[in-house]
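Each chain, letter by letter, is given below.
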Amino acid sequence: MQTLLRKKRSPLAADSDDDSAADALLPTNYSYDAGDDKDSKRRRQDADSASYKLWHVYVPVALTVLSLWTRLYKISWANYVVWDEAHFGKFASQYLKREFYFDVHPPMGKMLLGLSGLLSFYNGSFSFESGKEYPADVNYTGMRVFCALFGAFMVPLAYFTGVHLHMSKPACVLLACMVMFDIATLEISRFILLDSMLLFFTSLSVYCFVVFRNYQVNAPFSREWFVWLLASGISLGLVTSVKWVGLFAIALVGLHTIDDLWEMFGDLKMHPITYLKHWYFRIVCLIIAPVLFYAFNFYLHFWILNHSGSGDGQMSSLFQANLIGNSLNQNPPVVAYGSIITLKSSVRGGALLHSHKEHFPEGSKQQQVTAYHHQDNNNKWVIHHPWDKPDVDATPVFVKNGDVIRLIHNESGRNLHSHKTPAPMSKKENEVSAYGNVTFGDENDLWIVETVDDISLWRKPQTVNALTTRILLRHFKTKCLLRYTGETLPQWGFKQNEVACQRRNPDPKDVANMWNVEGHTNPKLPSGTSSGFGRRFWKDFADLNVAMWNSNNAMTPDPDKEPDGLTSHPWQWPMMSLGLRICGWDDDHVKFFLLGNPVLWVGSTISLGVFVILFLVYVVRWQRKCEDWKNLAEWDNFVFAGKVGFLGWFLHYIPFFIMGRVTYLHHYFPALYFALINFAFVVDHLGGKFQPWLHRGVIYSLLGLIFLVYLYFADFAFGIKGPASAYKSRRWKKDWNIYNA
């Protein structure tokens, strides 16, 4: 056994047969003995140059070409809308038509999908209905290829990430092939989706971060140090601008940065000015640069989508009034009795006051009043005088501060009503319902109008102006305030938001109690001409991000959808307990089953535990004065690789246990990338304890096993046709619903 082990060798130390790839990143300038002849020197230099070209040019190029083949092979076979192409293809169409829409994800990835459509000569006219066949004039292949390229270029990024983590050359190849031959991430990169971009920019951020760390160790404040620090920040902005999962990558870099700055703080040899410079450049490059890049994507988003569209209702009334094709700027300027209005909550991402014919299942059991984000006839209310005044005015009478009014639902004819019955979700507040009709009701139907402010005036307004005046609606009898709580109602309320009446210390300064008139029609009043108000980018930016946050939080698990097999739980992911059908399952259909490479998923999960054990063993041995490392730098490299692999996986995986939102299998893919880094590193680290031939043998044997399993399951990514039962031998677990048993 002793002959198999390296003699007196650190686990990360390099030898002449298997030197670290990072040490060979550049051609080495050897100092030769005086006795060496010129031919010998030239032969050694040629050998160095050949080795460099092999491992840093030819090998990564070959890996990239092979990766391109795996991502592009039979990519157009399924000529119909697959899975979430129904969503993201539609968003691409919106950019080409320049119509405003709303989605829970940041806009950059979808703008890139729009670009893919533009480059593919698509005009934005296709509806992208799920399962619908693509017409001849929609170049879906070009759009899929665009997305697949992001997945393909993850492979060379993974290779060079291994290089800069000081892995051996075979281990760098192993890591690249792990990324290449995982079935699930390969499959998801072949469709018009955001996931390939998310994974690519995640791997790019890791690569930039790792390269910067090496310059931080060896050449701080050099030009390359600054370039890679800024590249790290921009790459974090890129990944966060695709999906908010990128925030976990920011957390990884942030935790390392805090640890790094803390160690510098204890370095008494470092000048205070130098230490402050480290803080300054990190704040600029790792905080300000990503934030500005993220915000810039929203600026482009607003600039491109300047026409009215399906997502108008998620934005403020003034934002909507500035969209081309939106009629809000034609509103009569001042609200009067008899006007038909819609009321919008003034909170960021607020919704419109709404009612529909369904009744509350408990409480008063009267007609529901809710808040709804989309334009609908059920959002319309008519302003009436109180019961003791005539309801018809010969000339328009404007609504003034302090007026008592009734609001009658335009569709059902019922009065906006409140009473001391508890609200359905906010039990300490009063319920708001719709009750009675135009001629029947009581004093619980009366509301006092209180103006708060107006964006167009420097003083408190006395009349209510459409779009610009914020008002309170105080209940006449109980003095509570009409309030948008933001709580999501159960299915009986169609997952709309709750509206209540705040009776416990009603706060007139709370924006959740404020409303503005958005839609306004009145045949007795002249129409407006233009809103006259320019866009305020930072307010619109904040409004949209809050609306995205609220919509994300509202995506809670729905028991009615659980049986369809689409959703999953985080604990099911690491050991690949289930797969996912991402399309129809008819025999004559080209079918795709989202399933990972079992060797990679299970092996990477086991490697996480192995790394923790190794780390604890080394810490204990260090306390006992055992010399496992040639120097402190090698220990630092080991710990840093653990930060990238294990901590990266932890930050991208564990938060899903805390989230209340619904989860799907593809949510694990970013965490999987970090687990694969950890897997390759642990195999390389343990193999490095043995002789070079055995070290390489272990790596290449594992690589061969990964490739064979890839070949066995590859049809799930490329597509299968005919009875799915023909693949029953691949059902290794009962929850892999490959076919209907």
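No experiment lies behind these values; they were computed from the predicted model shown.

Conventions and cut-offs
Residues numbered from 1 in each chain as written. Predicted model: local features only at pLDDT ≥ 70, side-chain atom pairs only at ≥ 80, totals over all residues. Heavy atoms only, no water. Helix = DSSP H or I, 4+ residues; strand = E, 2+ residues; numbered from the N terminus. Buried < 20%, exposed > 50% of the residue type's maximum accessible area, 1.4 Å probe, protein only. Contact = heavy atoms within 4.5 Å. Areas by Shrake-Rupley, 256 points an atom, 1.4 Å probe, with all protein chains shown as cover. Lys, Arg positive; Asp, Glu negative; His and termini not counted. Charge placed at Lys NZ, Arg CZ, Asp CG, Glu CD. Patch = residues over 30% accessible without salt bridge, like charges linked within 9 Å, V, L, I, M, F, W, Y side chains within 5 Å. Salt bridge = Lys/Arg side-chain N within 4 Å of Asp/Glu carboxyl O. Disulfide = S-S within 2.5 Å. pLDDT = per-residue confidence, 0-100. Polar contact = N/O pair within 3.5 Å; in protein donor to acceptor, adjacent residues only side chain to side chain. Pairing = 2+ DSSP bridges. Expected span 1.5 Å × (residues − 1). Phe/Tyr/Trp six-rings, centres within 6.5 Å; stacked < 30°, edge-to-face > 60°. Lys NZ or Arg CZ within 6 Å of the ring centre and 35° of its normal. Axes fitted to C-alpha atoms, helices over the stretch in contact; angles between N-to-C directions. Parallel < 35°, antiparallel > 145°, perpendicular 65-115°, else oblique. Left-handed = near helix turned anticlockwise from the far one by under 90°.

**Concerning the overall build of the protein**
So, point 1. Within the protein, the secondary structure is distributed over 19 helices and 14 strands.
So, point 2. For the C-alpha atoms alone, the extent of the protein along its principal axes is close to 115 × 70 × 50 Å.
So, point 3. Taken over 741 residues, the protein has a buried fraction of 55%.
So, point 4. In the protein, of all internal contacts separated by at least 6 residues, the share reaching a separation of at least 24 is 75%.
So, point 5. Taken as a whole, the protein presents about 32,700 Å² of accessible surface, with 60% of it coming from carbon and sulfur.
So, point 6. The averaged location of the 64 negative side-chain charges in the protein is 2 Å from the averaged location of its 70 positive side-chain charges.

**Thoughts on a positive patch on the surface**
So, point 1. A surface patch of positive charge is lined by Lys 420, Lys 428, Arg 503 and Arg 504.
So, point 2. Considering the arrangement of structural elements, one finds Lys 428 in the loop between strand E6 (415-422) and strand E7 (430-435).

**Thoughts on the state of the cysteines**
So, point 1. Tallied over the full model, the rule gives 1 disulfide.
So, point 2. Sulfur of Cys 177: no disulfide; nearest cysteine sulfur belongs to Cys 172 and is 11 Å away.
So, point 3. Under the relative-accessibility criterion, Cys 177 is labelled buried at 6%.
So, point 4. With no disulfide of its own, Cys 208 lies 12 Å from the sulfur of Cys 285, the closest cysteine sulfur.

**With respect to the confidence of the model for the protein**
As a general rule, the predicted coordinates of low-pLDDT regions are not to be interpreted in detail.
So, point 1. On average, residues of the protein score 90 in pLDDT, and 92% of them are at 70 or above.
So, point 2. Highest mean pLDDT in the protein belongs to helix H4 (residues 140-152) (98); lowest belongs to helix H1 (residues 38-72) (85).
So, point 3. Overall, residues 7-19 carries pLDDT values under 50, and its contacts beyond four positions in sequence, including any with other chains, amount to 38 contacts.
So, point 4. Here residues 24-32 scores under 50 on pLDDT; set against residues more than four positions off or in separate chains, the count is 16 contacts.

**Topic: the environment of Asp 259**
So, point 1. In this structure, Asp 259 sits in helix H10 (residues 246-265).
So, point 2. Look at Asp 259 and you get partly exposed, because its relative accessible area is 29%.
So, point 3. Taking C-alpha positions, Asp 259 is 46 Å from Ile 455, a pair spaced 196 residues apart along the chain.
So, point 4. Polar side-chain contacts of Asp 259 include one of 2.6 Å to the side chain of Lys 643.

**Here's the deal with the pairing of strand E12 (residues 514-521)**
So, point 1. Among the 8 residues of E12, 7 are classified as buried, and the element is accordingly described as predominantly covered.
So, point 2. As paired elements, strand E1 (residues 340-345) and E12 share 5 bridges and run antiparallel to each other. Bridging across to E12, Lys 344 finds its partner in Asn 516.
So, point 3. Where strand E9 (residues 469-475) lies against E12, 3 bridges are found, and the strand directions are antiparallel. Its bridge partner being in E12, Arg 470 is matched across the sheet by Asn 516.

**Describing the pattern of salt bridges**
A side chain of one charge can pair with a side chain of the opposite charge if their charged atoms are brought near each other.
So, point 1. The tally for this structure, following the rule as stated, stands at 13 salt bridges.
So, point 2. Lys 243 serves as the salt-bridge partner of Asp 195, at 3.5 Å between the closest nitrogen and oxygen. You can see Asp 195 sitting in helix H8 (residues 195-218) and its partner Lys 243 sitting in the loop between helix H9 (223-240) and H10, a full 48 residues away along the chain. Like Lys 243, Asp 195 is buried.
So, point 3. As a salt-bridge pair, Lys 539 and Asp 543 come within 2.8 Å of each other at their nearest N and O atoms.

**Quick look at unusual backbone geometry**
So, point 1. Located in the positive-phi region is Phe 494, a residue other than glycine, with phi close to 60°.
So, point 2. As for its placement among the helices and strands, Phe 494 is situated in the loop between strand E10 (481-488) and strand E11 (497-502).
So, point 3. One non-glycine residue, Asn 505, lies in the positive phi region at around 50°.
So, point 4. Residue position: Asn 505 is located in the loop between E11 and E12.
So, point 5. Owing to a relative accessible area of 69%, Asn 505 belongs among the exposed residues under this scheme.

**Quick notes on helix H3 (residues 108-119)**
An α-helix turns once every 3.6 residues. As a result, residues three or four positions apart point the same way.
So, point 1. With 12 residues, H3 should reach 16 Å at 1.5 Å per residue; the first-to-last C-alpha distance of 16 Å fits that figure.
So, point 2. With 9 of its 12 residues buried, H3 lies for the most part within the structure.
So, point 3. Burial in H3 covers these residues: Met 108, Gly 109, Lys 110, Met 111, Leu 112, Leu 113, Gly 114, Ser 116 and Gly 117.
So, point 4. On its buried side, H3 packs onto helix H2 (85-97), H4, H8, H9 and helix H11 (272-304).
So, point 5. With its phi angle positive at about 60°, Phe 121 sits one or two positions after the end of H3.

**Digging into the packing of aromatic side chains**
So, point 1. Counted under the stated rule, the structure contains 75 aromatic pairs.
So, point 2. Arranged with centres 6.4 Å apart and planes meeting at 25°, the rings of Phe 611 and Phe 615 form a pair that is stacked. Within this pair, Phe 611 and its partner Phe 615 are both found in helix H14 (residues 598-623), separated by 4 residues, close to a single helical turn.
So, point 3. On the basis of an interplanar angle of 50° and a centroid distance of 5.9 Å, the ring pair of Phe 716 and Tyr 727 is categorised as tilted. With Phe 716 in helix H19 (residues 715-718) and Tyr 727 in the segment after H19, this pair connects stretches of sequence that are 11 residues apart.
So, point 4. A cation sits over an aromatic face here: Lys 479 above Phe 476, 5.1 Å from the ring centre.
So, point 5. Here Arg 730 stacks its cationic end above the ring of Tyr 712, 4.3 Å away from the centre of that ring.

**Focus on the environment of Asp 587**
So, point 1. Relative to the elements of secondary structure, Asp 587 occurs in the loop between strand E13 (580-581) and strand E14 (593-594).
So, point 2. On a C-alpha basis, the gap between Asp 587 and Lys 721 in space is 6.4 Å, while along the polypeptide they are 134 residues apart.
So, point 3. Apart from the residues lying within four places of it in its own chain, the contact partners of Asp 587 are Lys 721, Gly 722, Pro 723 and Ala 724.

**As for a nonpolar patch on the surface**
So, point 1. On the surface, Trp 279, Ile 283, Ile 287, Ile 288, Val 291, Leu 292 and Trp 538 cluster together to form a nonpolar patch covering roughly 680 Å² of accessible area.
So, point 2. Of note, Leu 292 is situated in helix H11.

**Section: the side chain of His 409**
So, point 1. Among the secondary structure elements, His 409 is positioned in strand E5 (residues 404-409).
So, point 2. Here Ser 412 takes part through its side chain, which lies 2.8 Å from a polar atom of the side chain of His 409.
So, point 3. For His 409, the contacting residues outside a window of four places in its chain are Ser 355, Gln 367, Asn 378, Lys 380, Trp 381 and Arg 414.

**Some remarks on the packing of helix H15 (residues 632-653) against helix H17 (residues 669-687)**
So, point 1. Where H15 contacts H17, the axes come no closer than 8 Å and their chain directions differ by 150°. As far as their axial angle goes, H17 and H15 are roughly antiparallel. When the axes of H15 and H17 are compared, the crossing they make is left-handed. Residues Phe 638, Ala 641, Val 644, Gly 645, Phe 646, Gly 648, Trp 649, His 652 and Tyr 653 of H15 lie in contact with H17, whose contacting residues are Pro 670, Ala 671, Phe 674, Ala 675, Ile 677, Asn 678, Phe 681 and His 685.

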